[in-house]
Structure formats: structure tokens, C-alpha cells
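Residues per chain, in single letters:
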Amino acid sequence: MGFNISGIVINKNYKNNLEDLKKDFGWNLKFVEEIDFEKASANWKEKGVCDIYFSEQASFIFVDMEMCIEAWCVADAKTLTFALSETSMAFKLRYSEGDKVLRSIMEVERNRRIDEGEKLHVEQEEDDTSEIIWNQIEQVLGKKF
């Protein structure tokens, strides 16, 4: 069994400002409980559930895969929207800066179906899509996942 996670990584820390997160994403969020990172990053996020990890400089928002079909963009921020399913070997990433999507990749069973935009810096040393996602998460989050 492999990782089956999806989410949005944004280089803004919303920890003490969930109202801005709700506004930036147009979501109606309700705080339920504080959980640990292991639970937040668990496989197959339930629809309607949003778990958030805050690093010092960024936010990692874990959501269900359907919410990651299109890119999420936030003005004045770097945003990575991704879906990574090692079980079905399906990977999707969209990287944006501000309102502009700079890179889109969708791969299913080693077949790239979408490959648009300028290659990311992390692609200079890696061409495996799942590794590109992991490395770009690290770049936007500011720490190793």
C-alpha cells in the first residue's frame, strides 16, 4: 500500500487567521478538534473534512481528491494543488503563483496526459511525477514532509 493523499500547500501561515483562509478559499470552515500530523496526513481524506498542518511559514491543507481537480490560486501566494495516489498510480499537480497557474502535470500509470507550463526547479533533478510532488511540497511548505 502506498500514499493516497491530496491537498493544497500554500506559502501563507493561516494558523492564527482562519478567517483569511476561509476568505481566500471561499470555504465555510468550522474548527472541530486539534489532531496530530499522522491523522491529518492519513490516506483517503473523507469528503467535507479539511485537516490543516501549519509550518512556520506555510499551511498544508489536506482535503479529498475531488477538491484537487482544479488549481487553487491565492493572490500574493505560491500554491501547490496536488493529488497523489500510489495505489492507482495516478498523480496530478498544479503549481501557481498568485492567480496564474505556472505548471500542470497529470499522469496515470506512467502516461503523462497533461504536461503544461515551465518545468519547476525540482524537475531539474527528478522526472518521476510522485517525486516532483513530494519535492514541490517541500519547496512551498519550507520544510521536508
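Residues numbered from 1 in each chain as written. Predicted model: local features only at pLDDT ≥ 70, side-chain atom pairs only at ≥ 80, totals over all residues. Heavy atoms only, no water.

(A) Summary view of the packing of aromatic side chains. Taken as a whole and assessed by the stated rule, the structure comprises seven aromatic pairs. Measuring from centroid to centroid gives 5.6 Å for Phe25 and Trp72, while their planes differ by 50°, and the two rings are tilted. Highlighted residues: Phe25 in helix H1 (residues 18-25) and Trp72 in the loop between strand E3 (59-62) and strand E4 (78-85), separated in sequence by 47 residues. Three or more aromatic residues joined by ring pairs make a cluster, and in this case those are Tyr14, Phe25, Trp27 and Trp72. (Phe/Tyr/Trp six-rings, centres within 6.5 Å; stacked < 30°, edge-to-face > 60°. Helix = DSSP H or I, 4+ residues; strand = E, 2+ residues; numbered from the N terminus.)

(B) Focus on the nonpolar core. Core analysis: the biggest nonpolar cluster contains 21 residues, and Val9, Phe60, Leu80, Phe82, Leu93, Ile133 and Ile137 have the highest contact counts within it. Among the secondary structure elements, those contributing two or more residues to this core are strand E1 (4-10), E3, E4, strand E5 (90-97) and helix H3 (129-141). Here the element with the most residues in this core is H3; it accounts for six residues. (Core = buried A, V, L, I, M, F, W, Y, C linked by side-chain atoms within 4.5 Å. Buried < 20%, exposed > 50% of the residue type's maximum accessible area, 1.4 Å probe, protein only.)

(C) Examining H3 more closely. Taking 1.5 Å per residue, 13 residues should reach 18 Å; H3 reaches 18 Å between its end C-alpha atoms and fits that length. Within H3 the residues assigned to the buried category are Thr129, Ser130, Ile132, Ile133, Trp134, Gln136, Ile137, Val140 and Leu141. Where H3 terminates, the next one or two residues include Gly142, which has phi positive at roughly 85°. (Expected span 1.5 Å × (residues − 1).)

(D) Geometry of the sheet that holds strand E2 (residues 51-54). In space, the seven strands of this open sheet follow the order E2-E3-E1-E4-E5-E6-E7, with antiparallel pairing throughout. The two strands at the open ends of the sheet, each matched to only one other strand, are E2 and strand E7 (111-117). Adjacent strand axes in the sheet meet at a mean angle of 10°, parallel and antiparallel pairs treated alike. As judged from the four bridges shared by E2 and E3, these two strands associate in the antiparallel manner. The residue bridging Tyr53 from the neighbouring strand is Phe60, located in E3. Against the sheet, H1 contacts E1, E2 and E3, and its axis sits at roughly 120° relative to E2. Seen against the sheet, H3 touches E1, E2, E3, E4, E5, strand E6 (100-108) and E7 and runs at an angle of roughly 145° to E4. (Pairing = 2+ DSSP bridges. Axes fitted to C-alpha atoms, helices over the stretch in contact; angles between N-to-C directions. Contact = heavy atoms within 4.5 Å.)

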